[in-house]
Amino acid sequence: MKRFKQYFWVLVLPALIFSCQQHQHDEQVANHEGDNFNYLSEQFADLKIIRYKIPGFDHLNLKQKELVYYLTQAGLEGRDIMWDQNYRHNLTIRKALENIVRTYDGDKENENWKQFMVYVKRIWFSNGIHHHYSSSKIMPDFPKEYLQELLTETNTELDPEIVDILFDPVKDAKKVNLDPSKGLLLGSAINFYDPDITEAEVDAYYADRINKEDKTPVSYGLNSKMVRNEDGSIGESVWKVGGMYGPAIEKIVYWLEKAATVAENEPQQKALELLVEYYKTGDLKTWDAYNVTWTEATDGDVDYINSFIEVYNDPKGYRGSYETIVEINDFDASARMKVLADNAQWFEDNSSIMDEHKKANVVGVTYKVVNVAGEAGDASPSTPIGVNLPNANWIRAAHGSKSVSLGNIVDAYNKASGSGLLDEFAYSEEEIERAKEYGDLGDNMHTAMHEVIGHASGKINEGIGTPKETLKNYASALEEGRADLVALYFLMDQKLVELGLIPNLEVGKEEYDGYIRNGLMMQLRRLKLGDDIEEAHMRNRQMIAKWVYEKGKADNVIERKERDGKTYFVINDYEKLRDLFGQLLREIQRIKSEGDYEAGKNLIENYGVKVDQDLHKEVLDRVAKLKSAPYGGFINPKLVPITDEDGTITDVKVEYPDDFTQQMLYYSDTYSNL
Ligand code: ZN
């Protein structure tokens, strides 16, 4: 699986396939309220609805803006596909419910109506009646009779059998069932297989077709539904122009063809043309050719994902869910990384690590941050925060892959969490003000330094072996710790001001405040009471924070305070704290360079694993009072073309809708293709 989702309480990250900046942002929440843009739109059930901005859109020239506009339109035209893929009755149900929302003019103050609206919004959020994350059927919190009443009063037709299903906890209860005892296919409501098709039939079908010797196999089944033929055999109904989902795919193709006319460069244009050809023919060889071309088209400020991509909604792992993400280069992040990468040697030379562990020729590690301009299908309203594609292993091996972090999405997630945590865990008004003023910049700098100079720094002594070999299960926590410490050490360095990266060292102070607050207290909210810390990033954060707290005790560098029965950690001396970060960095680099397993183990075990139970309980109690929904999803900005009297586009404007219900109704009005 090569996509990455972030939730507030549930963090799902498949190991460390992707670089680790997501974790960074994830933990540095609640520092923000720097602008007046309203990020959090509303909360209901276990969901929060968030808005995001498109930074950098105005950096684009007209052609690029058109390209972005066409690509987002292409994406939205396929929205209904995802609904139908998720469950065979989803579109019917959605149309009926939306008709009620649009036309019902009875009492809207009573509890039943409120619950009905929550139910509809949950279904919109999940692109169907199954929870987007748990995949369990969403059960209504109002009586069946109430729905029947609404249907009657609005003259809405909905098959009574479907109404029964909505209120039946058993029938089609799970979108994707991975419990083999219930049958992977028979137990799943997903609409990738006709309901009576069994796993054994599917296995036999592909055993006949897949040649295990093939070094460049196509992605079998990626773009089709498996159906029962009249003669009882099984076959595929292909999603293409003239095939299944044809009406939606024709519109996708219409916009993609327009996009190809304003492509930024030839490889990008070629890729778009291949994608169109694939949609027209359904030919999986063309899909591979497209992916190779798309992967190699790395120039340009605009990129996109559009098609049947991820297969985790198919219990058998063949069929791809429709999704689209349109991306613009994050110009600020790129500029920041370039400055750091250009100066990587200075940071190496001036680091606190021992001279013999310094690299003579250090090369900064850069990564790609993009800003999302629009999403649809599987990526909306719930979205990944990073994507690494293509999925075909042989293409990845031969042609590489594109890995991006969705910068503005991560940013909006963080901002939507508001200042609740900050207000709760920061000790002084000064700390809170500093976080509000410099939190964004500090987080961005920390992330960039962690990645670009942190992971690039230091060398292993000759003949020692890789850290994975020498430090074993502690290698990744120590590596993340080292990268964090490089960032922390230089965040209080005047050099950053000289390079124009930060206005003053208040930014560094702000990050120190946040790091200590989080490492000693806030991050414990992700852990169940009684559990040890397992996750590498959490271990490294507590290890660092606890180590500097204890080592600085004699000088009262960090003070544990209590007020109204609440615990706080307050930094008294930022310069001394910087020095402590430098000392720990030096020691961890030594451990890495020498492969000193015992010392590495002791650091992590003594500082990073065990949790102070009383403090943990206190954190959980304090956080519980803040009430924040665990899952977030997004309202997309709306791109509006401005045309002259000939219909030529002269500009594209960005509007930021603020009402989830309105956006969902608007999408259904505008992009109902199935
Ligand atoms: Zn890292």
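Because the structure is a prediction, the values reported are computed rather than measured.

A. Main features of helix 26 (residues 660-670). If you check which residues of helix 26 are buried, you get Phe-660, Thr-661, Gln-663, Met-664, Leu-665, Tyr-667 and Ser-668. Put simply, Asp-659 is the residue that caps the front of helix 26, since its side-chain oxygen is 2.9 Å from the backbone nitrogen of Thr-661.

B. Highlighting the sheet that holds strand 14 (residues 631-635). Strands sit in the order 3-4-14 across an open sheet of 3 strands; the sheet is mixed. Each of the sheet's edge strands pairs with one partner strand only, and the pair in question is strand 3 (40-44) and strand 14. Between one strand and the next, the sheet's axes are offset by a mean angle of 25°, whatever the strand orientation. The sheet contact formed by strand 4 (residues 47-51) and strand 14 spans 5 bridges and is parallel. Among the inter-strand pairings, Arg-51 is bridged to a residue of strand 14, identified as Ile-635. Across the sheet, helix 26 touches strand 3, strand 4 and strand 14, and the angle it forms with strand 14 is around 60°.

C. Representation of the side chain of Arg-336 within the structure. Structurally, Arg-336 can be placed in helix 12 (residues 331-342). Ignoring anything within four residues of it in the chain, the contact list for Arg-336 reads Asn-444, Met-445, Ala-448 and Leu-501.

D. Spotlight on the environment of Ile-558. With respect to the helices and strands, Ile-558 occurs in strand 12 (residues 558-563). Using a relative accessible area of 2% as the deciding quantity, one classes Ile-558 as buried. Sequence separation between Ile-558 and Asn-572 is 14 residues; the distance between their C-alpha atoms is 5.7 Å.

E. Examining the packing of aromatic side chains more closely. Applying the stated criterion across every chain yields a total of 40 aromatic pairs. Aromatic pair Tyr-52 and Phe-634: ring centres 5.8 Å apart, planes at 75°, arrangement edge-to-face. Residue Tyr-52 is found in the loop between strand 4 and helix 2 (62-77), and its partner Phe-634 is found in strand 14; the two are separated by 582 residues along the sequence. Taken together, Phe-192, Trp-239, Tyr-245, Tyr-278, Tyr-279, Trp-287, Tyr-290, Phe-308 and Tyr-322 form an aromatic cluster joined through their ring pairs. Taking the ring centre of Trp-294 as reference, the NZ or CZ of Lys-402 above it sits at 4.1 Å. In this arrangement the basic side chain of Arg-563 is found over the ring face of Tyr-568, its NZ or CZ atom lying 4.8 Å from the centre.

F. Main features of empty space enclosed by the protein. This model, assessed by the stated rule, comprises 3 cavities of 30 Å³ or more. Taken as a whole, the second largest cavity encloses approximately 70 Å³ of empty space. Leu-76, Arg-79, Trp-124, Asn-127, Glu-375, Ala-376, Gly-377, Ser-380, Pro-381, Asn-636, Met-664 and Tyr-667 are the residues that line the second largest cavity. Of all elements in the fold, only strand 9 (368-377) and helix 26 reach the threshold of two or more residues within the lining of the second largest cavity. Ranked by the residues each element gives to the lining of the second largest cavity, the list is headed by strand 9, at 3 residues. Here the lining of the second largest cavity is composed, by residue class, of 6 nonpolar, 4 polar and 2 charged.

G. Molecular detail of the packing of helix 5 (residues 111-126) against helix 26. Contact geometry for helix 5 and helix 26: axes closest at 11 Å, N-to-C directions at 60°. When the interaxial angle is binned, helix 5 and helix 26 end up oblique. Classified by chirality, the crossing of helix 26 by helix 5 is left-handed. Across from Met-117, Lys-121, Trp-124 and Phe-125 in helix 5, the residues of helix 26 making contact are Phe-660, Thr-661, Met-664 and Leu-665.

H. Representation of a negative patch on the surface within the structure. A contiguous patch of negative charge, built from Asp-423, Glu-429, Glu-433 and Glu-437, is present on the exposed surface. Along the polypeptide, Glu-433 turns up in helix 17 (residues 429-454).

I. Structural detail: the pairing of strand 16 (residues 649-655). Where strand 15 (residues 638-643) lies against strand 16, 6 bridges are found, and the strand directions are antiparallel. When the bridges of strand 16 are listed, Val-640 appears paired with Lys-653. With antiparallel pairing between neighbouring strands as the criterion, strand 15 and strand 16 make up a hairpin whose turn holds 5 residues, including Gly-647 at a positive phi of roughly 85°.

J. Main features of the layout of surface pockets. Considered as a void within the structure, the largest pocket measures approximately 630 Å³ in volume. Taken together, 32 residues make up the lining of the largest pocket; nearest its centre are Ser-219, Leu-222, Asn-391, Ala-392 and Asn-393. Broken down by secondary-structure element, the contributors of at least two residues to the lining of the largest pocket are helix 11 (284-296), strand 7 (302-308) and helix 14 (393-399). Considering each element in turn, the lining of the largest pocket owes the most residues, 5 residues, to helix 11.

K. View of the pattern of salt bridges. Taken as a whole and judged by the stated rule, the model has 39 salt bridges. Of the charged contacts in the structure, one is a salt bridge between Asp-196 and Arg-228, with a shortest N-O distance of 3.4 Å. Of this pair, Asp-196 sits in the loop between helix 7 (160-167) and helix 8 (199-209) while Arg-228 sits in strand 5 (residues 224-228), and the two are 32 residues apart along the sequence. According to the relative accessible area criterion, Asp-196 is partly exposed, its value standing at 44%. The residue Asp-596 makes a salt bridge to Arg-590 at a minimum N-O spacing of 3.0 Å. According to the relative accessible area criterion, Asp-596 is partly exposed, its value standing at 22%. In this structure, a network of salt bridges that share partners links the residues Glu-430, Arg-434, Glu-506, Lys-509 and Asp-513.

L. Fine view of the environment of Asp-484. Its place among the elements puts Asp-484 in helix 19 (residues 475-491). A distance of 2.8 Å separates polar atoms of two side chains, one belonging to Asp-484 and the other to His-450.

M. Broad picture of unusual backbone geometry. Note that the residue after Ser-380, namely Pro-381, is joined by a cis bond; omega there is -5°. Here Pro-381 is to be found in the loop between strand 9 and strand 10 (384-389). With an omega of 5°, the peptide bond running from Leu-389 to Pro-390 counts as cis. In this fold, Pro-390 is placed in the loop between strand 10 and helix 14. The backbone phi angle of Tyr-245 is positive, close to 65°, even though this residue is not glycine. Looking at the element boundaries, Tyr-245 is found in the loop between strand 6 (234-238) and helix 9 (246-261). One non-glycine residue, Lys-472, lies in positive phi territory at about 50°. Looking at where Lys-472 falls in the secondary structure, it is placed in the loop between helix 18 (467-471) and helix 19.

The rules behind the values
Residues numbered from 1 in each chain as written. Predicted model: local features only at pLDDT ≥ 70, side-chain atom pairs only at ≥ 80, totals over all residues. Heavy atoms only, no water. Buried < 20%, exposed > 50% of the residue type's maximum accessible area, 1.4 Å probe, protein only. Helix = DSSP H or I, 4+ residues; strand = E, 2+ residues; numbered from the N terminus. Polar contact = N/O pair within 3.5 Å; in protein donor to acceptor, adjacent residues only side chain to side chain. Pairing = 2+ DSSP bridges. Axes fitted to C-alpha atoms, helices over the stretch in contact; angles between N-to-C directions. Contact = heavy atoms within 4.5 Å. Phe/Tyr/Trp six-rings, centres within 6.5 Å; stacked < 30°, edge-to-face > 60°. Lys NZ or Arg CZ within 6 Å of the ring centre and 35° of its normal. 1 Å grid on protein atoms, 1.4 Å probe; cavity = no way out; pocket = protein on both sides within 12 Å on 5 of 7 lines; lining within 4 Å. Points joined across faces, edges and corners; volume = space filled by probe spheres on them. Nonpolar A, V, L, I, M, F, W, Y, C, P; charged D, E, K, R; others polar. Parallel < 35°, antiparallel > 145°, perpendicular 65-115°, else oblique. Left-handed = near helix turned anticlockwise from the far one by under 90°. Patch = residues over 30% accessible without salt bridge, like charges linked within 9 Å, V, L, I, M, F, W, Y side chains within 5 Å. Areas by Shrake-Rupley, 256 points an atom, 1.4 Å probe, with all protein chains shown as cover. Salt bridge = Lys/Arg side-chain N within 4 Å of Asp/Glu carboxyl O. Lys, Arg positive; Asp, Glu negative; His and termini not counted. Charge placed at Lys NZ, Arg CZ, Asp CG, Glu CD.

By themselves, these figures tell us nothing about what the structure is for.
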